[in-house]
Amino acid sequence: MATVIETVKPPPGGASSERNLRNAFGGVLSLFILLLIGILGFSIRLFSVIKYESVIHEFDPYFNYRVTQFLIKNGIYDFWNWFDDRTWYPLGRVIGGTVYPGLTLTAGTLYKILHALNIPLSVETVCVFTAPIFSAFAAWATFLLTKEVKGTGAGLTAAALLAMVPSYISRSVAGSYDNEAVAIFALIFTFYLYIKTLNTGSLFYATLNALAYFYMVCSWGGYTFIINLIPMHVLLCIGTGRYSSRLYVAYAPLVVLGTLLAALVPVVGFNAVMTSEHFASFLVFIIIHVVALVYYIKGVLSPKMFKVAVTLVVSVGMAVCIAVVAILVAVVASSPTKGWSGRSLSLLDPTYASKYIPIIASVSEHQPPTWPSYFMDINVLAFLVPAGIISCFLPLSDASSFAVLYIVTSVYFSGVMVRLMLVFAPAACIMAGIALSGAFDVFTSSVKFQLPGLLGDSDAGNITSGDVVQNGVTMADSNAAAKKSEETLKERPSKKNKKKEKEPVVKASIKSKIQKRLLVLPLEASIIALLLLILLGAFYVIHCVWAAAEAYSAPSIVLTSQSHDGLHVFDDFREAYAWLSHNTEVDDKVASWWDYGYQTTAMANRTVIVDNNTWNNTHIATVGTAMSSPEKAAWEIFNSLDVKYVLVVFGGLVGYPSDDINKFLWMVRIGGGVFPHIKEPDYLRDGQYRIDNQATPTMLNSLMYKLSYYRFVETDGKGYDRVRRTEIGKKHFKLTHFEEVFTTHHWMVRLYKLKPPRNRIKGKTKKSKGTSKSSSTSTKGKKNPWH
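### A few points about a nonpolar patch on the surface
Alright, step 1. A cluster of nonpolar side chains, namely F25, L29, F32, I33, L35, L36 and I39, defines an oily patch on the protein surface of about 670 Å² accessible area.
Alright, step 2. Considering the arrangement of structural elements, one finds F25 in helix α1 (residues 14-43).

Here it is in structure tokens:
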């Protein structure tokens, strides 16, 4: 019996209603996925709190925490005018004019909002969780930016990748209260608003872009990357003939309004118009106005008059550019560094810091990264970046060209300085997101159009890998449709002129559609490729979770080590700072290497000679010279600075490698850069740095050597240094001008007090009650839990 199938025509508007419903469902699903990505980005950064405790990490965050406490307690006006007399004694420091206030103001605002909502969190808790919160914001900003470049699917993928990327986790775990916690969000959001303005030509988005740039300037000195990358992109668009009014709206307000706002930040001030880092933006600003004028004249003049006018405009423009360049050259020539900051010069010339500014070269995060660090910090994204770059060229738009320029420049900068892996990570996530999204589209489309054939649809089953499809239409179907369209146009009664206009338009549209269609891959290959991509994603997730839990969650203030006899906790830093806080006078001055200045001020509340701001190289060189000098000369230097206590970090007993002996050569180099009598070869034996019996007399008699190894031989009878893996060269010596007052349980922090001048001493000097011989002698025969 034959079955009669009646064809029912869909009601008018049915297709559009279905499309609207599908779009609405897709929008809700995207929002739900973004919410999950935000929760993921926040949650993966909580291992430090779960495994250890809610505590501030590293060194710089302690200064930011102390400043935030002052801001919340005293208000913003006192903050801007705060002169801190507990740092850089006897110079002091004007805090309001020397810090990037974005992080502090953000955390202070969060604190005020939470307390207004009757959520009584402490200042420390708000500071600890600021970075994880803004990690979620950064993931959402990445979605918006990538969506403008390549669509929603690529945006969601890039956001998920950024939420977990280890490079960003390293600076945004709970407790990592540093400028980058909010700056990476500001960087990505500024780029998004620039691309959004470029795509829409909206002055509203251009204004928001300038405000986002202002927030970035408030947050981090890396804002110079933005104000140089965007002009490079504008110049690229002009050079490739892609100038438009949208480009002008995207760039001109950013330079004018952004520069005015940047000058309002005290730490930047007139540097926004007086330093070489900003000159490129002004030159491109002039060029884009010349180009805009040329395009305007072209629209209002005849071709003959246009040639004359262009000659005039270009001549005047060139004269203005030459005049501006001459002024800039004059300004630059008057500066010893040609208008560039030391950090910028070290980026342009990777050898500059090691030659001229050892204080910058001594910082570990300013060193170039190794190849394994790329695999550690971005993992499989490194292999997906090239595919993402290729995808950006298919087709190349203004937005995708910006993404390519971003990845190329960030790769270079990350190769110069390991800290700038933070700038490279978002670019790598964007490119990897574009590559993964495109690959999934190809493979799922191939499966989608071949699977019905396996289920009995003969028409779908006839599709071969040689056929071209898109949205379910094969190449043959497309050709047939094209032929049919041409025949219909020929048969349709219309005017001659109309027919001539319509035919080429239809042909061109069909041609372009055919050119954009994708090749169907074999079903087995598509399924295998999808499984491999899922496996790749799983490997990335596992690596990111491991990095978050093990590599980047341990706070530097509380150290742990796993060995065969269990977990060992080293809380020596807080032990030493607590001793200083409870056993010294409030006005006592503490000298140490600059690494520990912020922590000493924030946790012990004592005045320090130098700290991590490193703004005064001469002052740091003075401390380095004292540490490199014999005991008597060092005592005279410290006494002239009213120093009462000297703090030394020593890891020889437990195998802690980041101690002062390992940093000692940098003290010598920095000190020798200002005081020529300190020479590095005097501390080396045949070019090698040694602390054993082959060490030079200058090394063995230096204050750093004596303060580190004083009574060290008592621990095991040999004086074996577990970091340098050798016995020390000078084992039995006494201190003449310093006395030991406290040594922590694991000997990681040692505190010494300066003895008063000899001519004021009557009889023998009594030993300080704070001397901790019991804590040091109790460590005899200890195994090395650090290794």
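There is more to say, and it comes next.
### Description of the nonpolar core
Alright, step 1. F191, F573, F638 and F738 are the most contacted members of the largest nonpolar core, which has 179 residues in total.
Alright, step 2. When residues in this core are grouped by element, the largest group, 15 residues, is from helix α22 (residues 421-454).
Alright, step 3. Discounting chain neighbours no more than four positions away, the residues touching F573 are S556, I557, L559, Y596, Q599, V649, Y656, M748 and V749.
Alright, step 4. Listed in part, the nine residues of the second largest apolar core include V67, L71, F79 and Y598.

### Some remarks on the sheet that holds strand β15 (residues 749-754)
Alright, step 1. Across the sheet, which stays open at both edges, the five strands sit in the order β8-β7-β9-β15-β14 with mixed pairing between neighbours. What marks the edges here is a single partner per strand, and that holds for β8 (607-608) and β14 (738-743).

### Things to note about the pattern of salt bridges
Alright, step 1. Counting across every chain of the model gives 20 salt bridges.
Alright, step 2. With its nearest N and O atoms 3.8 Å apart, the salt bridge here joins E631 to K706. A residue pair is termed long-range when its members are at least 10 positions apart, and E631 in helix α30 (residues 631-640) and K706 in helix α33 (residues 703-709) qualify at 75 residues.
Alright, step 3. The exposure class assigned to E631 is buried, which follows from its relative accessible area of 5%.
Alright, step 4. R711 is paired through a salt bridge with E714; the nearest N and O atoms lie 3.0 Å apart.

### Let's talk about unusual backbone geometry
Comment: phi is negative for the bulk of residues other than glycine, and the bulk of peptide bonds are trans.
Alright, step 1. Here the amide bond leading from Y89 into P90 is cis, since omega sits at 0°, within 30 degrees of zero.
Alright, step 2. Cis geometry is adopted by the peptide bond preceding P395, which originates at L394 and carries an omega value of -10°.
Alright, step 3. By the secondary structure assignment, P395 is in the loop between α20 (381-392) and α21 (398-416).
Alright, step 4. A positive phi angle is found at N379, which is not glycine, with a value near 55°.
Alright, step 5. With respect to the element layout, N379 can be found in the loop between α19 (371-378) and α20.
Alright, step 6. Phi angles above zero are rare outside glycine, and D686 is one such case at about 55°.
Alright, step 7. Structurally, D686 can be placed in the loop between β10 (684-685) and β11 (688-689).
Alright, step 8. Residue classification places D686 among the exposed residues on the basis of a relative accessible area of 77%.

### A look at the pairing of β14
Alright, step 1. Taken across its six residues, β14 has six buried, putting it largely inside the fold.
Alright, step 2. Here β14 pairs with β15 via five bridges, running antiparallel. In the strand pairing of β15, F738 is matched with L754.
Alright, step 3. From the end of β14 to the start of β15, which pair antiparallel, there are five residues, and W747 there has a positive phi angle of about 60°.

### A look at the confidence of the model for the protein chain
Alright, step 1. The predicted model of the protein chain averages 83 in pLDDT, with 81% of residues at 70 or higher.
Alright, step 2. In the model, residues 498-502 has pLDDT below 50 throughout and makes four contacts with residues more than four positions away in sequence or in other chains.

Rules used in this analysis
- Residue numbers here run from 1 along each chain, matching the order of that chain's written sequence.
- For this predicted model, a pLDDT threshold of at least 70 governs which residues receive local features, and a threshold of 80 or more governs which side-chain atom pairs are given and counted, while totals over whole chains, interfaces and linings are taken from all residues.
- With hydrogens and water excluded, all non-hydrogen atoms of the structure serve as input to the side-chain values.
- A patch is a set of surface residues, each over 30% in relative accessible area and not in a salt bridge, joined within 9 Å for like charges and within 5 Å for the nonpolar side chains Val, Leu, Ile, Met, Phe, Trp and Tyr.
- Where accessible areas are quoted, they stem from the Shrake-Rupley method and a 1.4 Å probe; at the residue level, only the protein chains shown are allowed to cover.
- Any carboxyl oxygen of Asp or Glu that lies within 4 Å of a side-chain nitrogen of Lys or Arg is treated as forming a salt bridge with it.
- The secondary structure listing takes helices from DSSP runs of H or I that are at least 4 residues long and strands from runs of E that are at least 2 residues long, numbered from the N terminus.
- What makes a nonpolar core is a set of buried Ala, Val, Leu, Ile, Met, Phe, Trp, Tyr and Cys residues whose side-chain atoms join them at distances within 4.5 Å.
- Under the scheme applied here, a residue whose accessible area is under 20% of the maximum for its type counts as buried, over 50% as exposed, and between as partly exposed, the area being computed with a 1.4 Å probe on protein chains only.
- Every residue pair with non-hydrogen atoms within 4.5 Å of one another is taken to be in contact.
- Here, any two strands with at least 2 DSSP bridges between them count as paired.
- On a range of 0 to 100, pLDDT expresses the predictor's confidence in each residue.

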